[in-house]
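# Structural overview
Residues per chain are reported as follows:
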Amino acid sequence: MQASSQLVEALDPVQKRLMFEDECILVDEKDNVVGHDSKYNCHLMEKIETGKMLHRAFSVFLFNSKNELLLQQRSSTKVTFPLVWTNTCCSHPLYRESEMIFENQMGVRNAAQRKLFDELGIAAADSPVDAFTFLGRILYKAPSDGKWGEHELDYLLFLKRDEVAVNPNPDEVAAVRYVNQAELKELVRQADAGEGGIKLSPWFRLIVDNFLYKWWSLLEEGKLGEAVDESTVHWLL
């Protein structure tokens with residue numbers, strides 16, 4: 001109990017509020033809703049290891065008109081994976097009516113629009129829910145620092161827009177940058193080599209290694225619809 005109390009007290013105040021106010025959607029391995037729990041409990045490794053904290057998540061990949069991908073570096077105060085580079089926006093649909101709509105992934109789309117604004121200041125007009133292309137789902141588990149981690153069924157969303165106004169929230173985001181495919185490959189090389197302290201989030205790396213470059217090329221060719229897979233949950237464990 002004392003160790004748990006110390007863990008809570010060590011949290012950044014903003015992150016602590018979100019950890020206890022926000023409730024994630026618990027699902028089984030087929031993405032059926034089985035309950036809900038706080039972000040705090042969902043990200044404690046000791047609870048993840050019980051096998052009962054699998055929850056829905058989403059990962060947004062925002063591209064500009066030049067087919068460059070917007071990356072973010074997570075803030076230093078994030079509870080899981082601080083200061084790692086990752087895709088545009090990664091978060092969770094919450095246990096609320098508007099974000100639990102399963103049809104056409106509307107709950108996840110609503111959550112993605114909300115978090116693009118919360119994290120990056122991207123207005124809803126620049127991220128309309130019907131503009132997201134849902135490509136598929138992955139299931140993965142990743143420890144962060146021994147105390148915290150992720151166990152997520154992650155919805156993957158592409159969004160291509162003309163130049164959008166980006167105003168990062170420092171409580172969520174330390175830095176942003178657009179990259180082309182060659183620049184991302186160089187970033188991956190630096191992370192693998194341990195150069196410059198570059199680290200990538202585990203879910204982003206899984207998506208990069210398994211899907212991203214193929215999907216990116218299809219986006220550039222105007223054929224992204226060929227990649228859509230609404231039925232499969234890809235296990236990347």
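Calculation notes
- Each chain has its residues counted from 1, following the order in which its sequence is written.
- Thresholds applied to this predicted model are a pLDDT of at least 70 for local features of residues and 80 or more for the giving and counting of side-chain atom pairs; totals over whole chains, interfaces and linings are not thresholded and use all residues.
- Remark: hydrogens and water are excluded; side-chain values derive from all non-hydrogen atoms of the structure.
- Each helix is a run of H or I in the DSSP string that is no shorter than four residues. Each strand is a run of E no shorter than two, and both are numbered from the N terminus.
- Both definitions apply: the radius of gyration is a C-alpha atom measure, and the globule rule equals 2.2 Å times residues to the power 0.38.
- Accessible area is worked out with a 1.4 Å probe on protein chains only. A residue is then buried under 20% of its type maximum, exposed over 50%, and partly exposed in between.
- Any pair of residues with heavy atoms lying within 4.5 Å of one another is described as a contacting pair.
- Accessible surface area values rest on a Shrake-Rupley calculation with a 1.4 Å probe, where residue burial reflects the displayed protein chains alone.
- This count recognises Lys and Arg as positive and Asp and Glu as negative, with His and chain-terminal groups excluded.
- In plain terms, the charge of a residue is placed at NZ if it is Lys, CZ if Arg, CG if Asp and CD if Glu.
- UniProt positions are given in the numbering used here, feature names are shortened, and annotations may be inferred rather than shown by experiment.
- The aromatic pairing rule takes the rings of Phe, Tyr and Trp, using the six-membered ring of Trp, and pairs them if the centres are within 6.5 Å, calling planes under 30 degrees apart stacked, those over 60 edge-to-face and the rest tilted.
- Here, over-ring charges are defined by two tests on the NZ atom of lysine or the CZ atom of arginine: distance to the ring centre within 6 Å, and angle to the ring normal within 35 degrees.

### Focus on the overall build of the protein
Scanning the protein from N- to C-terminus turns up seven helices and 10 strands. Computed over its C-alpha atoms, the radius of gyration of the protein comes to 17 Å, within 12% of the 18 Å expected for a compact globule of 237 residues. The dimensions of the protein, computed from C-alpha atoms along their principal axes, are 55 × 45 × 35 Å. The burial tally for the protein puts 51% of its 237 residues in the buried class. A separation threshold of at least 6 residues defines the contact pool for the protein, and within that pool the share at least 24 residues apart is 69%. Just so you have it, the protein exposes about 10800 Å², and 48% of that area is on carbon and sulfur atoms. Of the side-chain charges in the protein, 26 are positive and 37 negative, and the distance between the mean point of each set is 2 Å.

### Focus: the UniProt feature "domain: Nudix hydrolase" (unreviewed entry) in the protein
Those places that UniProt annotates as "domain: Nudix hydrolase" (unreviewed entry) correspond, in this numbering, to residues 53–206. Between the end C-alpha atoms of residues 53–206 the distance is 20 Å, and the span holds 21% helix and 32% strand.

### As for the packing of aromatic side chains
Scanning all chains against the criterion turns up 11 aromatic pairs. When the ring of Phe63 is compared with that of Phe158, the centres are 4.9 Å apart and the planes differ by 45°; the resulting orientation is tilted. Taken together, the residues span a long stretch of sequence, with Phe63 in strand E3 (residues 55–63) and Phe158 in strand E8 (residues 149–160) at a distance of 95 residues. On the basis of relative accessible area, Phe63 is assigned to the buried category, the value being 1%. For Phe158, a relative accessible area of 1% puts it in the buried group. Measuring from centroid to centroid gives 5.9 Å for Phe158 and Trp215, while their planes differ by 80°, and the two rings are edge-to-face. Separated by 57 residues along the polypeptide, Phe158 in strand E8 and Trp215 in helix H7 (residues 202–221) bring together distant segments of the chain. Like Phe158, the residue Trp215 is buried in the burial classification. It is Arg137 that lies over the ring of Tyr155; its NZ or CZ is 5.9 Å from the centre. The side chain of Lys185 reaches across the aromatic face of Tyr213, ending 5.0 Å from its centre.

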